[in-house]
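# A look at the structure
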Amino acid sequence: MTSTRTQVAIVGGGPAGLMLSHLLDRAGVDSVVMDNRAVEEIRTTHRAGILERDSVRLLAETGVYEAGREGVITDGDRHGGIYLRFGGESHHIDFEELVGASVWLYPQTDVFVDLHAARVRDGGDVRYGISGTAVRDLGGDLPRVTYDDAEGVPHEVSADLVVGADGSRSICRDLVAQREPGHRRHFREYPFAWFGILCEAPRSSPELVYARSDRGFALISQRTDSVQRMYFQCDPSEDASSWSDDRIWSELQARLAGSDGFQLKEGRVIERTVLPFRSFVQTPMHSGRLLLAGDAAHTVPPTGAKGLNLALADTRVLAEVVEQALRKDDLEVLASYTQRALARVWKAQHFSYWMTTMLHRAPGEEAHRGFDELRQLGELTSLVSSEAGSTYLAEGYTGWPTA
Ligand code: DHB
């Protein structure tokens, strides 16, 4: 058994855990990051690809990159808007013109690789591929995280504070709930999922296309000049492996078709998965010496790509309160975390829910089908023809200013 003493033990080494460790390091606070997954597993699990303006700033302005190599700035694609497509026509929402902001297309896997490289470069203590992780002694002054390494050797990390950045299957979330009898868990399930593909094809559009059609939602996103990411609404029980390339392309083409003759550029499908769809918030986001960040505390549906952005926004607030709590030796400082983080979480929950319901077909509501379809078209038409409506979309998509 090895024992390590640190100031902050971080359970979960995805972008939230690594960013927090990076920000704490810059504030002179030690941390140890632990994750059950191997680096390679996280690096190759495809996630969303849109970074809000402040997420880009957080990466570019806090020393994640060596001078002259600003990953997201040099390798990411800056997008000044998106297209909303309905009634067979595309409508451009110009974020630059409406709110003077852009987003960057830069996949979450690249954010992970950059943050991991920065922690290794700065001598950070990051431990991957472990098992049997448990958080102990939360009632005392010095909680511990125990685990076995890849060789089966037991380790313990004791710390002043423990942060659960351990994703949607968080173990830390349950520990907060056990310790907080008044905690709440808010759920919303949706009667659909997304079928996501990666394909070898050129770009079909200069910016992302969010499409509403009578067959359901579709999203045309991008990765590189020769690899694209696309999604379409499907049944949650859909078996992705049973879909041939031809069937996928004819479904996508049908959802994008219109009088303007828009055609997707097709190619070999190199990955296909069905992605779950739900909204979730647990409150409070901390109890005593244990705090939650990112998906461990909240999940948003993927429409609008808010998940990673929310997780990064959490770490910004968390780094600030953790540094203060440790410097003043006063746990009371942590009490403001839940309230500050949740203000943004609920805005993002609403935004993701709103974009979802505005663009998806609600199955099983045949009695209201005609009404709902025409109402949806009414909403989209008023959005694209009103500066106020378009500005709300632009503000939410590019991200609200950091509190
Ligand atoms: C992507 C995913 C999203 O959920 C979204 O709203 C935009 C882009 C993506 O993976 O590229």
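Residues numbered from 1 in each chain as written. Predicted model: local features only at pLDDT ≥ 70, side-chain atom pairs only at ≥ 80, totals over all residues. Heavy atoms only, no water.

In the vicinity of the ligand there are 16 residues, among which Tyr210, Ser221, Arg223, Tyr231 and Pro302 approach most closely. Pro302 has a polar backbone atom sitting 2.6 Å from an oxygen atom of the ligand. Measuring from an oxygen atom of the ligand, one finds a backbone N or O atom of Ala305 at 3.2 Å. Contact with the protein chains covers 99% of the free accessible surface of the ligand, which is 290 Å². The residue makeup of the shell around the ligand, split by class, is nine nonpolar, four polar and three charged. Here the shell around the ligand gathers at least three residues from each of two domains, domain 1 (2-77 + 106-187 + 279-353) and domain 2 (190-277 + 363-398). (Near = heavy atom within 4 Å. Polar contact = N/O pair within 3.5 Å; in protein donor to acceptor, adjacent residues only side chain to side chain. Areas by Shrake-Rupley, 256 points an atom, 1.4 Å probe, with all protein chains shown as cover. Nonpolar A, V, L, I, M, F, W, Y, C, P; charged D, E, K, R; others polar. Domains from an automatic or database assignment.)

Moving on: the pattern of salt bridges. Enumeration over the complete set of coordinates arrives at 26 salt bridges. As a salt-bridge pair, Arg344 and Glu52 come within 3.1 Å of each other at their nearest N and O atoms. On the criterion of sequence distance, the pair formed by Arg344 in helix 10 (residues 335-359) and Glu52 in the loop between strand 3 (50-51) and helix 3 (53-61) is long-range, its members being 292 residues apart. The same class applies to Arg344 as to Glu52, namely buried. Across the salt bridge formed by Glu320 and Arg340, the nearest N and O atoms sit 3.1 Å from each other. (Salt bridge = Lys/Arg side-chain N within 4 Å of Asp/Glu carboxyl O. Helix = DSSP H or I, 4+ residues; strand = E, 2+ residues; numbered from the N terminus. Buried < 20%, exposed > 50% of the residue type's maximum accessible area, 1.4 Å probe, protein only.)

The next thing to look at is the sheet that holds strand 5 (residues 81-86). By way of backbone hydrogen bonds, the strands of a sheet pair with one another, either parallel or antiparallel. As summarised here, the arrangement of the seven strands in space is 6-5-14-15-16-13-17, forming an open sheet in which the pairing is mixed. Only two strands of the sheet have a single neighbouring strand rather than two, namely strand 6 (89-94) and strand 17 (268-275). Averaged over all neighbouring strand pairs, the angle between strand axes comes to 20°, with direction disregarded. As judged from the three bridges shared by strand 15 (residues 218-220) and strand 16 (residues 227-234), these two strands associate in the antiparallel manner. Counted as the bridge partner of Leu219 is Tyr231 from strand 16. Sheet contacts for helix 11 (residues 369-384): strand 5 and strand 6; angle to strand 5, the most-contacted strand, approximately 145°. Where helix 12 (residues 387-398) meets the sheet, its contacts fall on strand 5, strand 6 and strand 14 (209-211), and the angle it forms with strand 5 comes to roughly 125°. (Pairing = 2+ DSSP bridges. Axes fitted to C-alpha atoms, helices over the stretch in contact; angles between N-to-C directions. Contact = heavy atoms within 4.5 Å.)

A rise of 1.5 Å per residue sets the reference length of helix 10, with its 25 residues, at 36 Å; its end C-alpha atoms lie 38 Å apart and thus fit the reference within 8%. Along helix 10, the largest kink reaches about 30° and is centred on Leu342. (Expected span 1.5 Å × (residues − 1). Bend = angle between axes of the 7 residues up to and from the residue.)

Moving on, we come to the packing of aromatic side chains. Considering all chains together, one arrives at 19 aromatic pairs under this definition. When the centroid spacing of 5.2 Å and the interplanar angle of 75° are considered together, the rings of Phe192 and Phe277 count as edge-to-face. Of this pair, Phe192 sits in the loop between strand 12 (184-189) and strand 13 (193-200) while Phe277 sits in the loop between strand 17 and strand 18 (278-283); the two residues are 85 residues apart in sequence, bridging distant segments of the chain. We note Arg247 situated over the ring of Trp243; from NZ or CZ to the ring centre the distance is 3.7 Å. One residue, Lys306, lies across the ring of Tyr397, its end atom 5.7 Å from the ring centre. (Phe/Tyr/Trp six-rings, centres within 6.5 Å; stacked < 30°, edge-to-face > 60°. Lys NZ or Arg CZ within 6 Å of the ring centre and 35° of its normal.)

Domain parsing of the protein chain yields domain 1 (2-77 + 106-187 + 279-353) and domain 2 (190-277 + 363-398). A straight line from the C-alpha centre of domain 1 to that of domain 2 covers 31 Å. Taken together, the contacts link 18 residues of domain 1 with 18 residues of domain 2. In total, about 1500 Å² of surface goes out of reach between domain 1 and domain 2, with carbon and sulfur atoms giving 59% of it. Considering only the surface of domain 1 that becomes buried against domain 2, His46, Pro302 and Phe351 emerge as the three largest contributors, covering 35% of it. In this assembly, domain 1 and domain 2 are joined by one salt bridge. In this structure, the salt-bridge partner of Arg203 is Asp77, at a minimum N-O distance of 2.9 Å. At the boundary of domain 1 and domain 2, one finds seven residue pairs in polar contact (both at pLDDT 80 or more). Looking at the side of domain 1 that touches domain 2, the element that brings in the most residues is helix 10, giving three residues. For the side of domain 1 that touches domain 2, a count of residues per class yields seven nonpolar, six polar and five charged. (Buried area = accessible area lost by both parts, 1.4 Å probe.)

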